[in-house]
Amino acid sequence: MRFDSNQAWKDAAQAVSANRDVLLALAGVFLVVPSFALVLLMPPPELADGTDPKAMFAMLGQYYSKAWPALLGMGLLSMLGTLTMLALFTDRSRPTVGEAIKLGLGGMLTVIGAQLIVGLAAAVATTLVMGAGAASGAPVIGLVLGLLLATGLIYTMIRISLVSPVVMVEGQRNPVAALRRSWDLTGGNVLYLLAFYLLLLVAFVVVYLLLSGGIGMLVALVTSGGVTAAINNLVAACLQAVISVYFVAVSAACHRQLAGPSAAAMAGKFE
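In this report, we go over the structure that sits alongside the text. All figures in this text were calculated on a predicted structure; none of them were measured in a lab.

## Topic: the pattern of salt bridges
This structure, assessed with the given rule, holds two salt bridges. For Arg256, the salt bridge goes to Asp11, with nearest N and O atoms at 3.3 Å. In this pair, Arg256 is assigned in helix H9 (residues 225–259) and Asp11 in helix H1 (residues 5–18), connecting sequence segments 245 residues apart. Judged by its relative accessible area of 31%, Arg256 is partly exposed. A salt bridge links Arg181 to Glu170, with the shortest nitrogen-to-oxygen separation between them at 2.9 Å.

See the structure below:
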């Protein structure tokens, strides 16, 4: 069936609007608090203008070598939060928040497995393409191969973009089967989904920049130093969390539309 982006956005926006309080509470616990705590406790290095690229990569490498456990923990909490929200959006049994968290925990291993499979395949493909480009000795060939690789990666990400709804809505617990199911659902609608995702991304980036910039200027007028930086980081974390909530709702709406009548309906008001 042909994907209807207007209907997907309408379903997602209505679901978010109907359950704003619950979703914001979950986003605060699983997205805002971990992100803000990481920035406060392990702030990334500040790179001055004109920093030598080698020195920059060295500083970033040193930072990530120390911060990776915290980053991993934050990533897992973020995944649990998104899967929990997805369960609330789509589960026909209308679970409570606590039950939705348990459902999210149950789906995490499958989603992680699918991500590892895709990540490994992408790493192998990138290594082969870069090796072929270097072996050719021709910059033009390397550029063409790089563009083909980027196109292939984007195409693949669109095709597997519904893995999480497949896991949470359809109860699939085999990561390979979840990837295959998402691939089947998105078939014939890649360009429509790509245009929809890009439009949402651009819109959210514009809104984020406008709000963060405007709030940042107001904060700078009444605070200074570390307080200003802390408030700006908190605002950034909150805005990113709201955007994540909408993307989860969009994912659920896209799955519902492409999976057909057998898919769970988007939830109305959460219990």
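## Focus on the environment of Val124
Tracing the backbone through its elements, the reader meets Val124 in helix H4 (residues 97–136). For Val124, a relative accessible area of 42% gives the class partly exposed. Between the alpha carbons of Val124 and Ala134 there is a distance of 15 Å; along the sequence they are ten residues apart.

## What about the layout of surface pockets?
In this structure, the largest pocket encloses a volume near 990 Å³. Among the elements of the structure, helix H3 (53–90), H4, helix H5 (139–159), helix H6 (163–170), helix H8 (190–222) and H9 are those that each provide at least two residues to the lining of the largest pocket. Ranked by residue count, the leading element in the lining of the largest pocket is H3, at six residues. For the lining of the largest pocket, the class distribution of residues is 21 nonpolar, eight polar and no charged. Reported here for the second largest pocket is a volume of approximately 150 Å³. Lining the second largest pocket are Phe30, Leu31, Val32, Ser35, Met74, Ser78, Ala237, Gln240, Ala241 and Ser244. For the lining of the second largest pocket, the secondary structure elements donating two or more residues are helix H2 (20–41), H3 and H9. Here the residues of the lining of the second largest pocket are counted per class, giving six nonpolar, four polar and no charged.

## Focus on the packing of aromatic side chains
Applying the stated criterion to the full structure yields eight aromatic pairs. Between Phe3 and Phe196, the aromatic rings sit 5.5 Å apart at their centres with planes inclined by 55°, giving tilted as the arrangement. A residue pair is termed long-range when its members are at least 10 positions apart, and Phe3 in the segment before H1 and Phe196 in helix H8 qualify at 193 residues. Each member of the pair, Phe3 as well as Phe196, is classed as buried. Connected via pairs of aromatic rings, a cluster forms that spans Trp9, Phe204, Tyr246 and Phe247.

## A short note on the packing of H5 against H8
At a closest axis distance of 10 Å, the pairing of H5 and H8 adopts a crossing angle of 95°. As judged from the angle between their axes, H5 and H8 are roughly perpendicular. Between H5 and H8, the residues in contact are Ile154, Tyr155, Ile158 and Arg159 and Val190, Leu193, Leu194 and Tyr197, respectively. For the contact of H5 with H8, the residue count by class is seven nonpolar, no polar and one charged.

Parameters and conventions
- Residues numbered from 1 in each chain as written.
- Predicted model: local features only at pLDDT ≥ 70, side-chain atom pairs only at ≥ 80, totals over all residues.
- Heavy atoms only, no water.
- Salt bridge = Lys/Arg side-chain N within 4 Å of Asp/Glu carboxyl O.
- Helix = DSSP H or I, 4+ residues; strand = E, 2+ residues; numbered from the N terminus.
- Buried < 20%, exposed > 50% of the residue type's maximum accessible area, 1.4 Å probe, protein only.
- 1 Å grid on protein atoms, 1.4 Å probe; cavity = no way out; pocket = protein on both sides within 12 Å on 5 of 7 lines; lining within 4 Å.
- Points joined across faces, edges and corners; volume = space filled by probe spheres on them.
- Nonpolar A, V, L, I, M, F, W, Y, C, P; charged D, E, K, R; others polar.
- Phe/Tyr/Trp six-rings, centres within 6.5 Å; stacked < 30°, edge-to-face > 60°.
- Axes fitted to C-alpha atoms, helices over the stretch in contact; angles between N-to-C directions.
- Parallel < 35°, antiparallel > 145°, perpendicular 65-115°, else oblique.
- Contact = heavy atoms within 4.5 Å.

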